[in-house]
Amino acid sequence: MATNLATTAPADLNTPVDLSGPVEQVLTDLHTTLKRSRRFDIGFPGAVDLTFPALAGLFTTQLLNNVGDPFDLGHGRNHTKQVEQQVINTIADLLRAPASRWGYVTTGSTEGNLHALDAAWQTYPDVVVYTSTAAHYSVAKAARMLKLPLIMVRADDTGQMDYDDLAGQLSLRRDRAAIIVATAGTVMTEAVDNVTRIVEICHTMAITRRLVHVDAALSGIPLALLPDAERPAFDFTAGATSIVISGHKFLSTLMPCGVLVYAQPPHTPLHARVAYTGSVDSTISGSRSGHTPLILWHVLQTLGTEGLRARAQASRDLAAYTHAQLGQVGWEATRNPYAFTVVLRTPPAAVRDKWVLADDGQYSHIVCAPGITQVQIDDFLTDLQAAREHRAASPTAVPEPTRRRFLRSPR
Ligand SMILES: Cc1ncc(COP(=O)(O)O)c(C=O)c1O
């Protein structure tokens, strides 16, 4: 369809798979379509470089239900709670959590954000939630579901929280408890909020009834793998009281999941031991996957810290390459420090029809997650150039959109 590009995407990529055939045929067609379209998926942070044949038996023949608290095994035996405990501890170590830690494997960071706000309300019923306009929509959703007051704090042009605005907002409600939801890797620009500064601001205001939850869905693990001197202030040693990361992003679990870690078990008077499961009801959902802890465990065990670190660096190198190449062809782009994400002026529609880019209506981004290759980036750049040249050569072409204010490059 996009004839002005250097190459066209297979015409049938957007055609739904015919579900009326025999089951085997439908599954083969679905798999083929998904594999072919993967090449053009460069806008979302799900890593796709790992496969798990060793888990096939457990995944296809075994019911696994980690119902309730992971540290309370309960009546059933068909669970992987010991594996889950090891996953929580490995992630907690990477995030430099104290020994008093607690956590569980969630369905994703959305659930982790909801749990953190619920725990905040159980600790401080008068709590006010503060987060930035660059935070993920799940934070506002969780506040809405829990009927908690939510204050949106300005974000600067790089996507980082505006600390002066936070201080101003906190100063208006010094009598109220606060939970500040910081983000380590904002959705559009992968900016990282500075938890040390947030804690200092609370300290200056004498807001002692406070919690700092970090939504580190995307960048928590990659940032934790940086050398100490380069590591941004986002983890427990910076003052976080809870952190969530997503498994299906950097850790490539292929199925959505997350790991939520608290510095200490949250104050949860509503959590009671449920007689019939034999476990404490400390999680958002009751029945929980026993398979996702296994896949997380497999990634952590087989790659180890060094393997994970090498993957993170390869992604950063590719992001730096992408940023540099966009600069070379004169297409506005920016990248935050250590980010896998490259933010660029939104390409013409023909390019967006073929390449799956995240677009917020103002600008677009590419996420160089593990599994994205330089060949894909080069093909994208070739298409971008071709679309531009086509537009320049065509007297009837719709002019490029007028320049909007573009993101400032981080210093
Ligand atoms: C910063 C941030 N928080 C939360 C989420 C939601 O995470 P999940 O899909 O694991 O629920 C995302 C997803 O992209 C994200 O980028």
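In the nomenclature of an unreviewed UniProt entry, the chain corresponds to Histidine decarboxylase from the organism Luedemannella flava. In the Cofactor (unreviewed entry) part of its UniProt record, the chain is described as follows: "pyridoxal 5'-phosphate". The heading Sequence similarities (unreviewed entry) in the UniProt record of the chain holds the text "Belongs to the group II decarboxylase family."

Here we look at the domain arrangement of the chain
Interfaces are frequently sized by the accessible area removed from exposure as the parts join. Split into domains, the chain comes out as domain 1 (21-50 + 305-393) and domain 2 (56-303). One C-alpha centre belongs to domain 1, the other to domain 2, and the line joining them spans 28 Å. Looking at the side of domain 1 facing domain 2, the largest losses of area belong to Leu50, Leu308 and Tyr338, adding up to 29% of the total buried there. Scanning the region where domain 1 abuts domain 2 turns up zero salt bridges. Here the element with the most residues in the side of domain 1 that touches domain 2 is helix H9 (residues 291-328); it accounts for eight residues.

Notes on the packing of helix H3 (residues 81-94) against H9
For the pair H3 and H9, interaxial distance at closest approach is 9 Å and the crossing angle is 50°. In terms of orientation, H3 and H9 fall into the oblique class. Crossing of H3 over H9 shows left-handed handedness. Of the residues in H9, those touching H3 at Val83, Glu84, Gln86, Val87, Thr90 and Ile91 are Pro293, Leu294, Leu296, Trp297, Leu300 and Gln301. Residues of the contact of H3 with H9, tallied by class, amount to eight nonpolar, three polar and one charged.

So, the environment of Ala120
Along the polypeptide, Ala120 turns up in helix H4 (residues 109-123). Judged by relative accessible area, which is 0%, Ala120 ranks as buried. Taking the C-alpha atoms as reference points, Ala120 and Ser37, separated by 83 residues in sequence, lie 42 Å from one another. Not counting chain neighbours up to four residues away, the residues in contact with Ala120 comprise Val127, Ile179 and Leu211.

Here's the deal with the sheet that holds strand S13 (residues 363-367)
Strand pairs in the sheet, formed through backbone hydrogen bonds, run parallel or antiparallel to each other. Read across the open sheet, the four strands follow the order S10-S11-S13-S12; overall the sheet is antiparallel. Both outer strands of the open sheet, strand S10 (333-334) and strand S12 (358-359), are each paired with one neighbouring strand and no more. The sheet contact formed by S12 and S13 spans two bridges and is antiparallel. Following the sheet pairing, Asp359 is matched in S13 by Ser364.

Structural notes on unusual backbone geometry
One non-glycine residue, Lys147, lies in positive phi territory at about 60°. Looking at where Lys147 falls in the secondary structure, it is placed in the loop between helix H5 (137-146) and strand S3 (150-153). Residue class for Lys147 comes out exposed when judged on its relative accessible area of 70%. The phi dihedral of Leu254 is positive, around 70°, even though this residue is not glycine.

Things to note about the nonpolar core
Looking at soluble globular proteins, one finds that nonpolar side chains tend to be buried together. If you look at the biggest cluster of nonpolar residues, it comprises 61 residues, and the most contacted ones within it are Ile91, Tyr130, Leu166, Leu170, Leu251 and Val259. Here the element with the most residues in this core is H9; it accounts for six residues. Residues lining this core come from more than one domain, with at least three contributed by each of domain 1 (21-50 + 305-393) and domain 2 (56-303). Sequence-distant contacts of Ile91, that is, excluding residues within four places in its chain, are made with Ile221, Ile245, Leu251, Val259, Val261 and Leu300.

Describing the sheet that holds S3
Spatial strand order, S1-S7-S6-S5-S4-S2-S3: seven strands in an open sheet with mixed pairing. The sheet terminates laterally at strand S1 (102-106) and S3, the two strands that pair on one side only. Between one strand and the next, the sheet's axes are offset by a mean angle of 15°, whatever the strand orientation. For strand S6 (residues 242-246) and strand S7 (residues 258-262), the ladder comprises five bridges, and the chain directions are antiparallel. Within the sheet, the bridge partner assigned to Ser246 lies in S7 and is Gly258.

Side note on H3
An α-helical turn contains 3.6 residues, so any two residues separated by three or four positions project in the same direction. Between its first and last C-alpha atoms H3 spans 20 Å; for 14 residues at 1.5 Å apiece the expected length is 20 Å, and the two agree. Residues of H3 that are buried: Lys81, Val83, Glu84, Val87, Ile88, Ile91, Ala92 and Leu94. Packed against the buried residues of H3 are S1, helix H8 (220-224), S6, S7, strand S9 (279-280) and H9. Note on H3: the residue one or two positions beyond its end, Arg96, has a positive phi of about 55°.

Some remarks on the packing of aromatic side chains
Under the defined criterion, the tally for this structure stands at five aromatic pairs. Both rings, one in Phe40 and one in Trp355, keep their centres 5.2 Å apart while their planes meet at 75°; by these two values the pair is edge-to-face. Taken together, the residues span a long stretch of sequence, with Phe40 in the loop between helix H1 (23-38) and helix H2 (56-61) and Trp355 in the loop between helix H10 (349-354) and S12 at a distance of 315 residues. This pair shows no difference in class: Phe40 is buried, exactly as Trp355 is. Taking 5.8 Å as the distance between ring centres and 85° as the angle between the ring planes, the aromatic pair formed by Trp355 and Phe380 counts as edge-to-face. On the criterion of sequence distance, the pair formed by Trp355 in the loop between H10 and S12 and Phe380 in helix H11 (residues 374-393) is long-range, its members being 25 residues apart. With respect to class, Trp355 is no different from Phe380; both count as buried. Three or more aromatic residues joined by ring pairs make a cluster, and in this case those are Phe40, Trp355 and Phe380. Across the ring face of Phe250, the terminal group of Arg311 is positioned such that the distance to the ring centre comes to 4.6 Å. Stacked on the ring of Trp331, the Lys or Arg Arg345 has its end atom at 4.2 Å from the ring centre.

About the thresholds
Residues numbered from 1 in each chain as written. Predicted model: local features only at pLDDT ≥ 70, side-chain atom pairs only at ≥ 80, totals over all residues. Heavy atoms only, no water. UniProt positions renumbered as here; feature names shortened; annotations may be inferred. Domains from an automatic or database assignment. Buried area = accessible area lost by both parts, 1.4 Å probe. Salt bridge = Lys/Arg side-chain N within 4 Å of Asp/Glu carboxyl O. Helix = DSSP H or I, 4+ residues; strand = E, 2+ residues; numbered from the N terminus. Axes fitted to C-alpha atoms, helices over the stretch in contact; angles between N-to-C directions. Parallel < 35°, antiparallel > 145°, perpendicular 65-115°, else oblique. Left-handed = near helix turned anticlockwise from the far one by under 90°. Contact = heavy atoms within 4.5 Å. Nonpolar A, V, L, I, M, F, W, Y, C, P; charged D, E, K, R; others polar. Buried < 20%, exposed > 50% of the residue type's maximum accessible area, 1.4 Å probe, protein only. Pairing = 2+ DSSP bridges. Core = buried A, V, L, I, M, F, W, Y, C linked by side-chain atoms within 4.5 Å. Expected span 1.5 Å × (residues − 1). Phe/Tyr/Trp six-rings, centres within 6.5 Å; stacked < 30°, edge-to-face > 60°. Lys NZ or Arg CZ within 6 Å of the ring centre and 35° of its normal.

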